[in-house]
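# Geometric and topological summary
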Amino acid sequence: MAVYFDHRIEAPESSAVPSHLTWHSALPVLAVASSSPTNEGNVDLYLQQGEYVESCHVGRPHQPAVLRWHPTKPVLALGWENGEVVLLTHPSGDQTVLPITHTAGITLLEWSSSGSRLVTGDQTGALAVWKVDARGRLQGNHLVKHEYSKPLTCCIFKPAAPGDDVAMLARASVGGDESALDMFSWKGAPLKMGPQEGLAFYVSTADGKVHSVDEQCKTSTLLSVEGAIKKLFYLNKRDALAVITETLMLSQYTLGPEGGAQEYMKVKLSSKTGQNFDIVWTENSLLITVSGEQVIRLWDLERDDNFVLSLDETLGFERGEMINCVSYCAAKEILAGGTSHGRIAMWRMVAQPGSSKGDTNAQWKLQTPTEIEGNVTQIQWGSSLNLLAANNSNTVLILCEHVMSAHFGQQVAAVQLTPTQLSITQFNTGAQLALQSDTHIKGVCVTKESVTVWNGKQVTVYELSGTVLRNTGAFPCDSHAVAVHGENLYTVEPNRVQIRTPQGTVKQLLTFSKAEGNPVLLSVCQFYLVVGTDTAHIRVFDLSRRDAKAHCGAKNLAEQIASLGALRSVKCNANGSQVSILISQVNGRPDHKVYFYDVEMDTVTHFDFFVGRPSSGISHCEDGERQQFQGTELSGRCPVSHFWDESEPRLFVCETVPISSESSSASSVDMADVSVVTLFCTQEHGLLLQDCYPKPAGLQALLALDVPYYYFSCKLLFWRAGVFRPEPGERDPGSTEVSATTSAPPHQTEPSKGAPVQFPHMVSRRALREFVGLETCEKATRDAMLNFSFYLTIGDMDEAFKSIKLIKSKAVWENMARMCVKTCRLDVARVCLGNMGNARAAKALKEAEAEPEPEAQVAMLAIQLGMLEDAEKLYKCCQRHDLLNNFYQASGQWQQALDTAESNDRIHLRTTYYNYAKYLESMGNKTLALVYYENSDTHRAEVPRMLQDDTASLEIYVNKMKDKNIYKWWAQYLESQSDMDSALHFYECAQDYLSLVRVHCYMGNIQKASAIANDTGDRAASYHLARHYEGHDDIKQAVHFYTRAQAYNNAIRLCKENGLDDQLMNLALLSNPEDMMEAACYYEEKGTHMDRAVTLYHKAGYVSKALELAFATQQFSALQLIAEDLNENSDPALLARCSDFFITHSQYEKAVELLVAAKKYPQALELCVTQNLTITEELAERMTVTDSKDLSEDARKEVLEKIADCCMRQGNYHLATKKYTQAGNKPKAMRALLKSGDTEKIVFFTNVCRQKEIFIMAANYLQSLDWRNNPEILKTIIGFYTKGRAPDLLAGFYEACAQVEIDDYQNYEKALDALTEAAKCLLKAKDSSGGQQEARVADLQHKVSLIKKFVHARRLYPENADEAVRLCEALLEEPELDPAVRIGDAFGFLVEHHCQQGNLEVAYRKLEELQKRLPSQNVRYYISQASLEALQKVMGVPIDGDDHTVKEEDEVEEDLNLS
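None of the values given here were measured: they were computed from a predicted structure.

The next thing to look at is the overall build of the protein. The secondary structure content of the protein amounts to 46 helices and 62 strands. A separation threshold of at least 6 residues defines the contact pool for the protein, and within that pool the share at least 24 residues apart is 47%.

Strand residues, when the strand is regular, have side chains that alternate between the two faces of the sheet. Of all six residues in strand β12 (residues 126-131), five are buried; the element is thus mostly enclosed. Two elements, strand β11 (residues 117-122) and β12, share five bridges in a ladder whose sense is antiparallel. If you follow R117 over to β12, its bridge partner there is K131. In this structure, the hairpin formed by β11 and β12 is closed by a connection of three residues, where G125 is found at a positive phi of approximately 95°. Bridge count between β12 and strand β13 (residues 144-147): four bridges; the pairing is antiparallel. Residue pairing in the sheet places A126 in a bridge with E147 of β13.

For the rest of this paragraph, the subject is the sheet that holds strand β14 (residues 152-157). The strand order across the open sheet formed by four strands is β14-β15-β16-β17, and the pairing between neighbours is antiparallel. The sheet terminates laterally at β14 and β17 (219-224), the two strands that pair on one side only. Sheet twist, expressed as the mean angle between neighbouring strand axes with direction ignored, is 25°. Both strand β16 (residues 209-213) and β17 contribute to a ladder of five bridges, which runs antiparallel. Residue pairing in the sheet places V213 in a bridge with T219 of β17.

Our next topic: the side chain of Q857. Of note, Q857 is situated in helix α9 (residues 854-864). Here Q857 is in contact with L826, L845, A848, E849 and E851, once residues within four sequence places are set aside.

Let's shift gears to the pairing of strand β28 (residues 343-350). The buried count for β28 comes to seven of eight residues, which makes it a mostly enclosed element. Hairpin connection, strand β27 (residues 334-339) to β28: the antiparallel pair is bridged by three residues, and G342 has positive phi, about 80°. Here two bridges tie β28 to strand β30 (residues 370-371), and the two strands are oriented antiparallel to one another. Across the sheet, I344 pairs through a bridge with T370, a residue of β30.

On to the pattern of salt bridges. Scanning the entire structure with this criterion turns up 29 salt bridges. Taking the shortest distance from any N to any O, the salt bridge between R343 and E318 comes out at 3.2 Å. Taken as a pair, R343 in strand β28 and E318 in the loop between β25 (305-310) and β26 (323-329) lie far apart in primary sequence, 25 residues in all. For R343, a relative accessible area of 2% gives the class buried. Overall, E318 belongs to the partly exposed group, its relative accessible area being 34%. Measuring nitrogen to oxygen at the nearest pair gives 4.0 Å for the salt bridge that ties R546 to D547.

In this chain, H90 is followed by P91 through a cis amide linkage whose omega measures 5°. Residue P708 follows V707 across a cis peptide bond; omega there is 15°. Along the polypeptide, P708 turns up in the loop between β60 (699-706) and β61 (709-714). Phi at A536 takes a positive value of approximately 65°, unusual for a residue other than glycine. Relative to the helices and strands, A536 resides in the loop between β47 (528-533) and β48 (537-542). Classification of A536 by relative accessible area gives buried; the value is 4%. Positive phi is not limited to glycine here, since Q991 has a value of about 55°. Within the secondary structure, Q991 is located in the loop between α18 (980-989) and α19 (993-1003).

Each aromatic ring pair is described using two quantities: the centre-to-centre distance and the angle formed by the ring planes. The final tally for this structure, using the stated rule, is 30 aromatic pairs. Aromatic ring contacts, followed pair by pair, group W894, Y913, Y916, Y919 and Y932 into a single cluster. The positively charged end of R650 is found above the aromatic ring belonging to F790, 4.7 Å away from the centroid.

Time to look at helix α13 (residues 909-922). Helix length check: α13, at 14 residues, gives a terminal C-alpha distance of 20 Å against a target of 20 Å (1.5 Å per residue), a fit within 8%. Residues L909, T912, Y913, Y916, A917, L920 and E921 constitute the buried set of α13. Buried positions along α13 lie against α11 (881-890), α12 (894-903), α14 (926-935) and α15 (939-946). Following α13 by one or two positions, G924 has its phi on the positive side, about 90°.

Looking now at the packing of α12 against α13. With their axes 9 Å apart at the nearest point, α12 and α13 run at an angle of 160° to one another. Between α12 and α13, the crossing angle belongs to the class labelled roughly antiparallel. Judged by the twist between their axes, the crossing of α12 over α13 is left-handed. Listed contacts from α13 to W894, A897, L898, A901 and E902 of α12 are L909, T912, Y913, N915, Y916 and Y919. Tallied by class, residues from the contact of α12 with α13 come to eight nonpolar, two polar and one charged.

Here the focus is helix α4 (residues 779-794). For α4, built from 16 residues, the straight-helix expectation of 22 Å at 1.5 Å per residue is met to within 8% by its first-to-last C-alpha distance of 23 Å. Within the sequence span of α4, burial applies to T781, A784, M785, L786, F788, S789, F790, L792, T793 and I794. A positive phi of about 90° marks G795, the residue just after α4.

Across the sheet, which stays open at both edges, the four strands sit in the order β34-β35-β36-β37 with antiparallel pairing between neighbours. Two strands in the sheet have a free side with no partner beyond their single neighbour: β34 (406-409) and β37 (432-436). Direction aside, the axes of adjacent strands within the sheet are offset by 20° on average. Examined bridge by bridge, strand β36 (residues 421-426) and β37 share five bridges and lie antiparallel to one another. When the sheet's bridge partners are listed, I424 is paired in β37 with L433.

Glancing now at the state of the cysteines. Scanning the model with the defined rule gives zero disulfides in all. With no disulfide of its own, C154 has C155 as its nearest cysteine by sulfur position, at a separation of 8.8 Å. Here C525 is not cross-linked by a disulfide; its sulfur's nearest cysteine counterpart is in C572, at 5.3 Å. C525 gets classed as buried once you look at its relative accessible area, which sits at 6%.

Here the focus is the environment of A697. Checked against the element boundaries, A697 lands in the loop between β59 (686-694) and β60. Note on A697: relative accessible area 56%, which makes it exposed. A C-alpha to C-alpha distance of 9.9 Å links A697 and D673, two positions 24 residues apart in sequence.

This part takes up the environment of Q458. Within the secondary structure, Q458 sits in strand β40 (residues 458-465). As for Q458 and D478, which are separated by 20 residues in sequence, their C-alpha atoms are 6.5 Å apart. With residues up to four places along the chain from it excluded, the contact list for Q458 reads V453, A474, F475, P476 and C477.

Here is what the cut-offs are and how they apply
Residues numbered from 1 in each chain as written. Predicted model: local features only at pLDDT ≥ 70, side-chain atom pairs only at ≥ 80, totals over all residues. Heavy atoms only, no water. Helix = DSSP H or I, 4+ residues; strand = E, 2+ residues; numbered from the N terminus. Contact = heavy atoms within 4.5 Å. Buried < 20%, exposed > 50% of the residue type's maximum accessible area, 1.4 Å probe, protein only. Pairing = 2+ DSSP bridges. Axes fitted to C-alpha atoms, helices over the stretch in contact; angles between N-to-C directions. Salt bridge = Lys/Arg side-chain N within 4 Å of Asp/Glu carboxyl O. Phe/Tyr/Trp six-rings, centres within 6.5 Å; stacked < 30°, edge-to-face > 60°. Lys NZ or Arg CZ within 6 Å of the ring centre and 35° of its normal. Expected span 1.5 Å × (residues − 1). Parallel < 35°, antiparallel > 145°, perpendicular 65-115°, else oblique. Left-handed = near helix turned anticlockwise from the far one by under 90°. Nonpolar A, V, L, I, M, F, W, Y, C, P; charged D, E, K, R; others polar. Disulfide = S-S within 2.5 Å.

Distances and angles like these do not, on their own, reveal function.
Structure, rendered in structure tokens:
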């Protein structure tokens, strides 16, 4: 906890009442202006502890008006009432008087952001701008002077535009951005490395105008408001200007790029009228005002929000205490206010999770007030040290924050209360003392015999004897670290530690080398002193002898710890074997680790609180311990203090805070989520977690660990006159405290040294978890418990039980059982429960073993031991929200139970609502119970039950809910009370027609009951009414309502009993098969209406019985209806009998269907053939047997072939193909398909079957198509013949192709190719015809040779016509030329040649020879029309071919006419 030391300024005697004060922004220098009643004025400078700077005194016969420090240099601008302006330089005291410019009192002084410009203004409206050099010296006369005619009130400089981001430009340059690269070169404009100084400013006047002055010092009016302007602020994020007038009217203006201003908000700030007000503006746009009220008002201009902070009387403020002034420290986020009763109120900003700084959701927490005298009129935070200066109208005090000193040793604790006062507690005797020091206390060290205090300049020793403190010595010493052991004091100075007597005499020097550095940290534990130096060396000394001896050599931690900046704290254990170290990193931030130096092994290990793990290589215990490391919230934390137990060398404790809360100021610890972590540290087992303990509320910080207690300092509230009280609401009622032996009266004033007084208990102790209930146990039990805890932690159960086997106390065993909850050791817990004799807990633990999660079992143990918080954490850890819900319910934490059920255990949500409602009902809170009964959806029964004794409330609830179930309950209640009319009304509201009919029948309103049953059709109501009619022998109505109720068996029963045969048939048909059977038997026995009996037997599913009865009574129409429902599942004999019946009556199709259903396929087929019945595809499929159980495979194929034969006769070729295929007779299937003429299916079927015979059949079929004009068919034919391995047939096809080419196209080349292929095919074919194939091959070869000659002659003709003619004439001499080469083609070749040569006579002779050899052929087939016309013209002889052609054409025409 922090306290503020107040230093009164050492003002000279000539100084008068202080009027103004101001801090330099960076240096710890305070300027104070004072004025006397004789109008003399002084300005003096003071240092951080109030030291007066004599060289910097300025005095004038006028009052000082304004003080302004240069932003960076130690130069102070002073404005006086006579218009004089002086620049005062610290520390030299040089004074520079500005040239006379102003003739009236100075009202404003303002420096630019870098201090290169100074603006001065006075009450007449004169404004001057001065230039100042980099050293803060004035340069010449003013740059410009403006006259505004009205008093100047405020001035602010406009912030400069942000400069270029050098890092971003560098990345862009590397990425290839040429424009960015140019900015680094000399070519472009100079690079702006950061924000430039803004030289433009705004100045306001008392008549409400704001003027803008640009960088060239040209002025223009920007805006105007009503009233004098008191404050100007610039909003950087909005680029806006805020103006506050003397009437507290706030206006905000947006500033345009051309210099104009546009008002966008105007609001009146709340304040106490007629009072001076103080206004503060923060960088995050927070406006803070005070005006002599008990509150501070805050306006968040960014979020347009406002709120107030008020004083709290419970924290020591008095009623009627007013806040006069305010100041905000951005670095510490503290808002300070000075009050009229001499107190400094401070609010610290405590940000909530998820909120940013400055967010209105952040909480401002009022801190402990600091007391000064008088009426505080002005306060100001300043300098880089965050000092606070306060003016109390008499003098000025400088307040410096100091962390309160506290120390514990040998059962004596001392805690600082005020800068000069200590509270001392002796735990052995229970006495509590107060120590008042003459100087400020910066450190304290206590033993059982002495109290030592120091302030960095002097050390004072007090002897502690009983309840008396006696000053035994004081000596000057500038040591900032002091330790005490016995009668020796240990102080530090450069390169050595001094061992002194209480009077300051140096007895021994412990020297350190230059490499080891200067000692800065001291700590004593038992007989060992550990020293830490500024070069990160540590040394341990043994103090058990007369002189201190080195226990080990100097250890350089910088060699072991990376990024070590400086040591923060060093402590050693009770036997000097381990030293724990806290360090700061190179960047100044606290390290997240605690380091441990093993003196004997000379090794350094650590425990990292950032990850919650020890360093690698340290031995861990088994899985249970590792679970503890994971289960505790150790990660993400930082250590702030550490201690070893004063007598147990293995036990170490460390105080940690979340990393987000770590701060260079230890004062933040009191607000952080602090955990106290206890570790066992041994050479064999390393670091083992023993416990993680959250610091209780109301406690300030950990002081020490001395088994069986932790010792904590308490939070404190300051009161006047030395009377103190703990901070309200933060006391822990479970704290173990020591009462004062004596108490002082409430009106006691300043306590004397060593007097027992009424103090709050400033030190509170908490038992370790192993010692809860065993605080007063003897040393043997204490040691046994520590050993048990240690061995339990390392998992050595044999040693653990051995250490406690002699203990008989139930309290000890219960304590150990509690430890088992922390360590999750259920096996040990069972032994502890047995020794405790706690059968109930043992039984509950046994039952909990059914839970699969070990944490859930441990939670049950915790519940039985009363450790409810631990049980809650364990259930949350294993995510057993159902058990957590039950736990909350059992412990009466209903809100948590509801929250758990609603968020994580929704399957039990309604049950939780119901249980809570039952609880509320038992507590008498029926109103809220009603709500939760409704939430649990049990209100229909539970609410009427709950309210049954309060019928008025119940009736209101019933009418309000309009729920049918509740209406019914209420109607039943009214009926039980014989209020039939009201009951009928509510039964009707509930739509309970059964109850309506029942009540009407009871009341004799039968007609009304009948109308309700008929109108609603309610089955239950109809049934009840039918019973009523039956009881009154109204059979007709009874049958009617039984029918509406669908109670057909009762209606049938009445019809049979009363001979209602006509209704019986209809009712039986509506009813179930059993009732139909019963009715059919009734008709059969009666012998009448046999058709009804047959129908009912049929409908009931007794088909055979129906048929027998139909045959017996010749019910042919019924028989036909029955036969329609017969199928293959029916009795085959029955089917055959029915089919015979249909054949007899010539209904052959129905007979066939029945025969097929009876699986008599041959008879069915025979009937189809004889009666010429068409076999449909459906019928054919039904006759296709797939199950080998019905027919053998041969019989099945025979049936299929018969079906196919029938289909062939009927012309259904596709179906025939299908059936032949199913029968496996693919050739027949192919023949059937060929008859269909479906070429596509034929080709597909052929490719699927892939049989030689089928390929040939398909190819033969395809030859019948127009293959000449369809190349695809041609390819398919060749392919099929090839696949069918029929080369002789393929050769014949090739011959046919060749003949077509010759006859139709005279293309002998293609014909030659075809005949060549035919010859190849014939050569592949096997000769099975007795030599015919050889003759065929020879004939083919002869044809090929002839065609080759003719083709050769035609090809030779263009080159050697005579030779070609000779070859052609020789060819005509060949025997059997035709049909290989048509004679007409050969003669045509010759005729064409002679015609082209002009030998027309020779050509004509060849033509005549052709006509002789082919008298029946038309020569036009062979000779071109041009040649024929030329011959006819020259020879003058008509060609016979013409007449012949005409004759043929006439014949064709005649044939067409005839057709």
